[in-house]
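Here are the chains, one letter per residue:
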Amino acid sequence: MAHDSRVPAIHQTHMARLSSRESAVSANMRNKLERAAAKVMKNAHAPYSNFHVGAAILLTNGQIFSGCNVENASYGMTNCAERTAIFSAVAELGPKIEIQAVAVTNDHGVACSPCGACRQVIYEFGPDATVFFQGASGPKQAHITELLPEGFRLQ
Ligand SMILES: [Zn+2]
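Our subject in this report is the structure included herewith. (Residues numbered from 1 in each chain as written. Predicted model: local features only at pLDDT ≥ 70, side-chain atom pairs only at ≥ 80, totals over all residues.)

1. A word on the pairing of strand 4 (residues 130–135)
In the case of a regular strand, side chains alternate between the two sheet surfaces. This is how it is decided: Here, strands pair whenever DSSP counts at least two bridges between them. Numbering of helices and strands runs from the N terminus, with a helix taken as a DSSP run of H or I at least four residues long and a strand as a DSSP run of E at least two residues long.
Looking at chain direction, strand 3 (residues 99–106) and strand 4 are connected through three bridges and run parallel. Bridging across to strand 4, A103 finds its partner in F132. Direction of pairing for strand 4 relative to strand 5 (residues 138–143): antiparallel, over a ladder of six bridges. Paired with F132 across the two strands is Q141, which belongs to strand 5. Connecting strand 4 to the next strand, strand 5, in antiparallel fashion are two residues.

Next up, the structure:
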């Protein structure tokens, strides 16, 4: 398909880049991330929703950080698993981290993609990140710009 002569060259390049993005994270690494997310999910503080979420991020330096949702009696102060993982990485390594991939899982086995706030935070540190999550009809992966078109950046 990528070499179909009916497809203009510029589109072929775009498609090749998309497919290389998709293969940037191996199946092994995806499993590893999903296991890390499932493990940290057990630490969630979710007495109000009873919805436990775990997230793991893979940095371009190969390091993995994980996080769970941390709810609060005031509800609005709740922090999602994805942002917990990212903030932990920044706290440990500083702001120059680059996210290559994110995996999110939940204990209800239901569709659960990162919320809008988390998409913006993922984009801040991973404008080329791949996101793995439970979609409506099973496991799904998406590029962060598919989840967050026109993401906001200052630079
Ligand atoms: Zn979120």
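2. A few points about unusual backbone geometry
Our working definition: Exposure classes come from backbone-placed C-beta atoms, where a residue is buried if 20 or more other C-beta atoms lie within 10 Å of its own, exposed if 12 or fewer do, and partly exposed in between.
Notably, N50 is not glycine yet its phi reads approximately 55°, a positive angle. Within the secondary structure, N50 sits in the loop between helix 2 (27–41) and strand 1 (53–59). In the Ramachandran plot, Y75 falls in the positive-phi region, its phi being about 60° despite a non-glycine side chain. Looking at the secondary structure, you find Y75 in the loop between strand 2 (64–68) and helix 3 (81–93). The exposed category is assigned to Y75, around which 9 C-beta atoms lie within 10 Å.

3. Considering the sheet that holds strand 3
So the rule is basically this: Interaxial angle, 0 to 180 degrees, is taken between N-to-C directions of lines fitted to C-alpha atoms, where a helix line uses only the stretch in contact. By definition, residue pairs are in contact when their C-beta atoms, positioned from the backbone, come within 7 Å.
Reading across the sheet, the five strands line up as 2-1-3-4-5 and stay open at both edges, with mixed pairing between neighbours. Looking at the sheet topology across the chains shown, the edges are occupied by strand 2 and strand 5. On average, adjacent strands in this sheet sit at an angle of 20° to one another, irrespective of strand direction. Docked against the sheet, helix 2 engages strand 1, strand 2, strand 3 and strand 4, running at close to 140° with respect to strand 1.

4. Points about the environment of A117
By the secondary structure assignment, A117 is in helix 4 (residues 116–125). Looking at A117, the number of C-beta atoms within 10 Å reads 12, which means it is exposed. A117 sits 35 residues away from E82 along the chain, and the two C-alpha atoms are 9.7 Å apart.

5. Some words on the pairing of strand 3
Cut-off, in case you're wondering: Every crossover in which the path from the first strand over the helix to the second runs clockwise, viewed with the strands pointing away from the viewer, is termed right-handed.
Buried residues dominate strand 3, accounting for seven of its eight residues. Here seven bridges tie strand 1 to strand 3, and the two strands are oriented antiparallel to one another. When the bridges of strand 3 are listed, L58 appears paired with A101. At this point the chain moves from strand 3, through helix 4, to the parallel strand 4, and the crossover so formed is right-handed.

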